[in-house]
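As a plain string of letters, each chain reads:
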Amino acid sequence: MLQDNFGRRFYYLRLSVTDICNYRCNYCLPEGIGCGRSLEGENPLSVAEVGTLVHAFASLGTEKVRLTGGEPSLRKDLVPLLEAVRASDKIRRLAITTNGYRLPSQIDDWHRAGLDQVNVSIDSLDPAQFHHITGHNRLDKALAGLDRALALGIDTKVNAVLMRQYNLAELDNFLAWVRETPVTLRFIELMRTGDNREFFASNHVSGGDIETLLLREGWEQVIRTRDAGPAREYFHPDYAGRIGLITPYGKDFCASCNRLRVSAQGKLHLCLFADQGFDMREIIAAGDSEALAAHIRELIVDKTAGHQLHEGFTGATRNLAMLGG
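Residues numbered from 1 in each chain as written. Predicted model: local features only at pLDDT ≥ 70, side-chain atom pairs only at ≥ 80, totals over all residues. Heavy atoms only, no water.

**A word on the overall build of the chain**
Broken down by element type, the chain carries ten helices and twelve strands. Taken across its 325 residues, the chain has 57% of its residues classed as buried. Within the chain, contacts between residues separated by at least 24 positions form 71% of all contacts whose residues are at least 6 apart in sequence. Carbon together with sulfur atoms contributes 48% to the accessible area of the chain, which is approximately 13,600 Å² in total. (Helix = DSSP H or I, 4+ residues; strand = E, 2+ residues; numbered from the N terminus. Buried < 20%, exposed > 50% of the residue type's maximum accessible area, 1.4 Å probe, protein only. Contact = heavy atoms within 4.5 Å. Areas by Shrake-Rupley, 256 points an atom, 1.4 Å probe, with all protein chains shown as cover.)

**Some thoughts on the sheet that holds strand S11 (residues 267–269)**
With mixed pairing, twelve strands are arranged side by side in an open sheet as S7-S8-S9-S6-S5-S4-S3-S2-S1-S10-S11-S12. Among the strands making up the open sheet, the edge pair consists of strand S7 (220–221) and strand S12 (278–279). Alignment of strand S8 (residues 232–235) against strand S9 (residues 242–246), held across three bridges, turns out to be antiparallel. Looking across to S9, one finds that Glu233 is bridged to Gly244. (Pairing = 2+ DSSP bridges.)

**Focus: the packing of aromatic side chains**
Inspection of the entire model under this criterion finds six aromatic pairs. Centre to centre, the rings of Tyr166 and Phe199 are 5.7 Å apart; their planes meet at 20°, and the pair counts as stacked. With Tyr166 in the loop between strand S5 (155–162) and helix H6 (171–180) and Phe199 in helix H7 (residues 197–203), this residue pair connects regions lying 33 residues apart in the sequence. Of the residues examined, Phe199 reaches a relative accessible area of 16% and is grouped as buried. Aromatic pair Trp219 and Tyr239: ring centres 4.6 Å apart, planes at 50°, arrangement tilted. In this pair, Trp219 is assigned in the loop between helix H8 (207–216) and S7 and Tyr239 in the loop between S8 and S9, connecting sequence segments 20 residues apart. The class for Trp219 is buried, based on a relative accessible area of 4%. (Phe/Tyr/Trp six-rings, centres within 6.5 Å; stacked < 30°, edge-to-face > 60°.)

From the geometry alone we can't say anything about function, so treat these as descriptive.
So, in structure tokens, the structure goes:
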């Protein structure tokens with residue numbers, strides 16, 4: 001089992017398959033800051049390389065793999081990538097995070113390839129505000145794709161980044177939507193990155209305030225599984241859906257870390273906000289999953305106890321498209 005010096009075990013791999021995104025979200029890639037082009041020279045891992053990487057992580061106890069971006073659906077070989085992950089019988093859960101741009105036309109193919117869970121980024125349920133945040137009039141497409149995912153029986157989650165000036169006022173609308181819609185709506189605290197310092201200062205909202213509201217209204221926390229993501233999830237008997245909170249600025253957030261990240265180019269990031277990624281591309285390209293697993297074991301000892309976000313440290317993360325958040 002892959003374990004660091006602090007006793008944390010890593011059951012969950014977040015694998016970026018591209019750092020290109022076709023959205024211009026104001027908190028990540030606003031217009032004029034890298035949108036639509038690679039930040040790392042692209043040249044992403046091939047299907048065969050992804051197979052080698054996943055096999056290595058599976059041999060170390062990884063049970064869940066999430067494909068992220070950028071926007072994963074921009075990869076023309078996304079279905080073969082999903083199939084490459086699913087080919088490992090030790091991977092119990094295959095997930096993907098998407099902005100939903102192509103979801104209605106592609107979700108059936110992803111389902112046939114073995115997808116278990118989809119997370120769709122929907123930062124506003126108001127079409128005008130959605131357009132203002134993302135730069136696209138595609139809320140209807142994202143919602144249509146979400147409905148199709150639910151119809152297929154795929155575990156469906158929605159990600160919404162909390163922003164004081166853009167969607168905090170929609171909290172009641174979000175809760176009303178979850179009352180009737182069987183999804184897990186995850187509110188994510190805005191995180192400071194190298195490119196969004198001023199935006200962060202004017203828009204950060206503490207997830208703890210939302211948690212206080214939920215508990216006051218009778219919501220109860222769900223017991224976490226060992227391969228669960230960072231969200232604390234809550235349920236209410238009167239609601240079809242659930243609420244999740246991702247609060248990286250909360251106390252002891254890093255103590256339960258169970259996930260590692262690999263960039264589209266094959267760099268291992270021990271934390272979203274680490275000051276560097278460890279380049280594994282040469283070993284991955286060689287196709288030797290045993291040697292790769294041994295190398296990952298060596299690298300894990302450098303994982304630190306926490307991310308230091310409270311001190312304003314953002315590491316090498318210029319924006320969230322680099323590693324999919």
